[in-house]
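Understanding the architecture of this molecule
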Amino acid sequence: MNTKVIARPRTLAEKIVESIVERVITLAGFAAIAILALILLFLLRDGLPFLREYSFARALGGINWYPISFPPVFGMLPLILGSVVVTAGALALAVPLGVASAIFIAEVAPGWSRSIFKTVIEVLATIPSVVYGFIGLATLAPLISRLPGVVSGQTALLGSVILAIMALPTIISISEDVMYSIPNTYRTASLAMGATRWQTIHRVVVPAARPGILAATMLAMGRVVGETMAVLMVTGNAASIPKLQNLLLLQSVRTLTATIAQEMGEVVFGSPHYHALFMIGLILFLITFAINLAADVVLRRIGGGR
Amino acid sequence: MNRVRVARTIERIAFTILGLACLTAMLPPVIFVYIIVAEGMERLSLTFVTSPPTMGMTAGGVLPAIIGTVYLILGTIVIALPLGILCAIYLTEYAPKGPLTRLIDIAIMNMAGVPSIVYGLFGMGLFVLALGFSQSVIAGALTLAALILPIIITSSVEAFRAVPQSFRWASLSLGASKLQTIRRVVLPNAISGIVTGAVLGIGRAAGETAAILFTVAAFFLPVTRNIFTEPMATLGGQVMALPTHLYFIATQVPGADRSIMWATALVLLLVVLVFTIPASVYRTVIRARKKW
């Protein structure tokens, strides 16, 4: 709001107090930028020293992660692939299911039920990840271990399933918002030309919502990549490259996030291992930053382009 | 068969599939909650929540973890709420419509997307090590405050924006200054939205594990200090916390009793839901109702 303010004349005390308070408010306004910059700063501060002794290419492409051997080997490829496999699996499950659910809530379900759905989804989204991890460990892992050829239930598959369950509220909520905000004129025009509601949905509404659904998927991907506790408890944490011949998803993997959580407790401050873990943190920060930035661009474009 | 009939049948099938998808999507968490309640009730009792763990954490209760979580929540809210509200005031009342403001919005959105383990690393690097707080309640609270700041800011901005402009103009036209208007007109009318955001933030902070693993969480600390009688010592020391406690007994304590794990999960779930359910319901009700 930028209307010119003509207040009654201020006393000296009021002038001083108001100017201080307004300065504090302005400072607070930049808090978010400041904190984000600080996060990046400290990740760099403790992560870049890793590159002093270990080349970036060797780290990214190395296929062995032996941080406590002598000398230590910091090949991050198994960790990266672990994150990739688990994330891909989770999105493969969550996106179709989530978008279908969003379509159902926005277009098929009766109008009064929408707020009930939204509330339930919002509440389900607040369940802590450690609870999901524990439940996955306690109930689903034994089920998976009954499959033939599987030694332990703690696998990438379980990770993907649990992460999909955790990502669904995000996907459903945002996709539903996008579809709900598509102007009704689109629907009425289609129906007026004789289309059924389903034809309207899948030929008019969903294509119009596509950028928003893409953004929802990206945000969910960011959340899945960054998830720590659930995958830590449920994927078995073997830092080895998942092999296709061993039934990709039924192996134990370790993600980037779980590596940090698992090893940071035992690391010597200032050692190469310590810096390596911060380097992983830096990589995670940059990945999620890029994903969120892209999603933000997409969301802004559909917001203004209609 | 005519085209309309075919189309209608396809529609009926499609809608059924969509409904099933929605059910499949929403059922698992609900089933999980049910299982936790069913299994956790066995061990849940007054003794469980009022006594510390014993026998190497294979028996006993979760009292120190509950107290630790309470301390963390208090510290987090004390830091995040004022900062978040002030930031929201800047964004809604003072910020010019320029690229700098756009940058702030981007920063807030990105803060919300940073993985919690990265917040943990940040907290460790800045508060625990660089500022020398070492693993402590104050380090954990600062880290959690950074983590929930986006939630507080976004809810507060929404709350401030919901206050009609006419309220502000009326106040200004009576000779009040901008700050007076904010303090006496805008803030009081936005309080419900702000509180909702704060409660949701508390729920998030209470369930957060990765961010506190290396900034405050103790593996086993059965005796918690009293924050009211020894504030500095408590703030400067470690505590146990419910989410990390669940993680530890589920993965790192050999021979832990399964029923204790379920009960701990149940306590954690209850603590979080007691905040988030009322806040979410209230938020939906408020958004649906026509304002003013």
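Located above this text is the structure these notes cover.
Let me sum up the structure you'll find in this document. Note that this is a predicted model, so its numbers are computed, not measured.

Some points on the packing of helix α10 (residues 197-226) of chain A against helix α1 (residues 3-40) of chain B
Where α10 of chain A meets α1 of chain B, the closest approach of the two axes is 8 Å, and the angle between their N-to-C directions is 65°. As judged from the angle between their axes, α10 of chain A and α1 of chain B are roughly perpendicular. Contacts between α10 of chain A and α1 of chain B involve Arg197, Trp198, Gln199 and Ile201 of chain A from the former and Ala7, Ile10, Glu11, Ala14, Phe15 and Leu18 of chain B from the latter. Partitioned by chemical class, the residues of the contact of α10 of chain A with α1 of chain B number 7 nonpolar, 1 polar and 2 charged.

Topic: the interface of chain A and chain B
Listed by partner, the interface residues are 86 residues for chain A and 90 residues for chain B. Buried surface at the junction of chain A and chain B, summed over both partners, amounts to about 7,600 Å²; 80% is from carbon and sulfur atoms. For the interface between chain A and chain B, the tally reads 2 salt bridges. Ionic pairing is found between aspartate 296 of chain A and arginine 102 of chain B, a salt bridge with its closest N-O pair at 3.7 Å. Counting across the interface, chain A meets chain B through 8 residue pairs in polar contact (both at pLDDT 80 or more). Considering every element that reaches the side of chain A that touches chain B, the biggest residue donor is helix α13 (residues 272-304) of chain A, with 12 residues. In the side of chain A that touches chain B, the residues fall into 59 nonpolar, 17 polar and 10 charged.

Re unusual backbone geometry
In this chain, phenylalanine 70 of chain A is followed by proline 71 of chain A through a cis amide linkage whose omega measures 5°. Mapped onto the secondary structure, proline 71 of chain A falls in the loop between β1 (65-66) and β2 (73-74). At serine 134 of chain B, a residue that is not glycine, the phi angle is positive and equals roughly 50°. By the secondary structure assignment, serine 134 of chain B is in the loop between α5 (116-130) and α6 (137-162).

Some details on the packing of α6 of chain B against helix α8 (residues 178-207) of chain B
All names here are of chain B. Relative orientation of the contacting elements α6 and α8 amounts to 150°, with a least axis distance of 8 Å. Judged by the inter-axis angle, α6 sits roughly antiparallel to α8. Along this stretch, α6 crosses α8, giving a crossing that reads as right-handed. For the pair formed by α6 and α8, the contact residues are Leu144, Leu147, Ile148, Ile151, Ile152, Ser155, Ser156, Ala159 and Phe160 on the first element and Val186, Leu187, Ala190, Gly193, Ile194, Gly197, Ala198, Leu200, Gly201, Arg204 and Ala205 on the second. Looking at the contact of α6 with α8, its residues break down into 14 nonpolar, 5 polar and 1 charged.

A word on the environment of threonine 209 of chain B
As for its placement among the helices and strands, threonine 209 of chain B is situated in the loop between α8 and α9 (210-213). By relative accessible area, which is 0% here, threonine 209 of chain B ends up buried. Taking the C-alpha atoms as reference points, threonine 209 of chain B and isoleucine 117 of chain B, 92 residues apart in sequence, are found 8.5 Å from one another. When residues no more than four places from it in sequence are discounted, the contact partners of threonine 209 of chain B are Val130 and Met229 of chain A together with Pro243 and Thr244 of chain B.

With respect to helix α12 (residues 256-263) of chain A
Most of α12 of chain A is tucked away, with 7 of its 8 residues classed as buried. Taken residue by residue, α12 of chain A has Leu256, Thr257, Ala258, Thr259, Ile260, Ala261 and Glu263 of chain A as its buried positions.

A closer look at the nonpolar core
Phe134 and Met264 of chain A together with Tyr119 and Phe122 of chain B are the most contacted members of the largest nonpolar core, which has 189 residues in total. Aside from chain neighbours lying at most four places away, what touches methionine 264 of chain A is Thr259, Tyr274, Leu277 and Phe278 of chain A together with Leu121, Met124 and Phe214 of chain B.

Regarding a nonpolar patch on the surface
On the surface, Leu20, Leu23, Leu27, Val30 and Ile31 of chain B cluster together into a nonpolar patch covering about 420 Å² of accessible area. Isoleucine 31 of chain B gets classed as partly exposed once you look at its relative accessible area, which sits at 39%.

Examining the pattern of salt bridges
This model, assessed by the stated rule, comprises 11 salt bridges over all chains. Here glutamate 208 of chain B and arginine 204 of chain B are joined by a salt bridge, their closest N and O atoms 3.4 Å apart. Ionic contacts of the salt-bridge type, sharing partners, join the residues Arg114, Lys118, Glu176 and Asp177 of chain A into one network.

Scoring rules and cut-offs
- Residues numbered from 1 in each chain as written.
- Chains lettered and ligands numbered in written order.
- Predicted model: local features only at pLDDT ≥ 70, side-chain atom pairs only at ≥ 80, totals over all residues.
- Heavy atoms only, no water.
- Axes fitted to C-alpha atoms, helices over the stretch in contact; angles between N-to-C directions.
- Helix = DSSP H or I, 4+ residues; strand = E, 2+ residues; numbered from the N terminus.
- Parallel < 35°, antiparallel > 145°, perpendicular 65-115°, else oblique.
- Contact = heavy atoms within 4.5 Å.
- Nonpolar A, V, L, I, M, F, W, Y, C, P; charged D, E, K, R; others polar.
- Buried area = accessible area lost by both parts, 1.4 Å probe.
- Salt bridge = Lys/Arg side-chain N within 4 Å of Asp/Glu carboxyl O.
- Polar contact = N/O pair within 3.5 Å; in protein donor to acceptor, adjacent residues only side chain to side chain.
- Left-handed = near helix turned anticlockwise from the far one by under 90°.
- Buried < 20%, exposed > 50% of the residue type's maximum accessible area, 1.4 Å probe, protein only.
- Core = buried A, V, L, I, M, F, W, Y, C linked by side-chain atoms within 4.5 Å.
- Patch = residues over 30% accessible without salt bridge, like charges linked within 9 Å, V, L, I, M, F, W, Y side chains within 5 Å.
- Areas by Shrake-Rupley, 256 points an atom, 1.4 Å probe, with all protein chains shown as cover.

The analysis is restricted to geometry; functional conclusions fall outside its scope.
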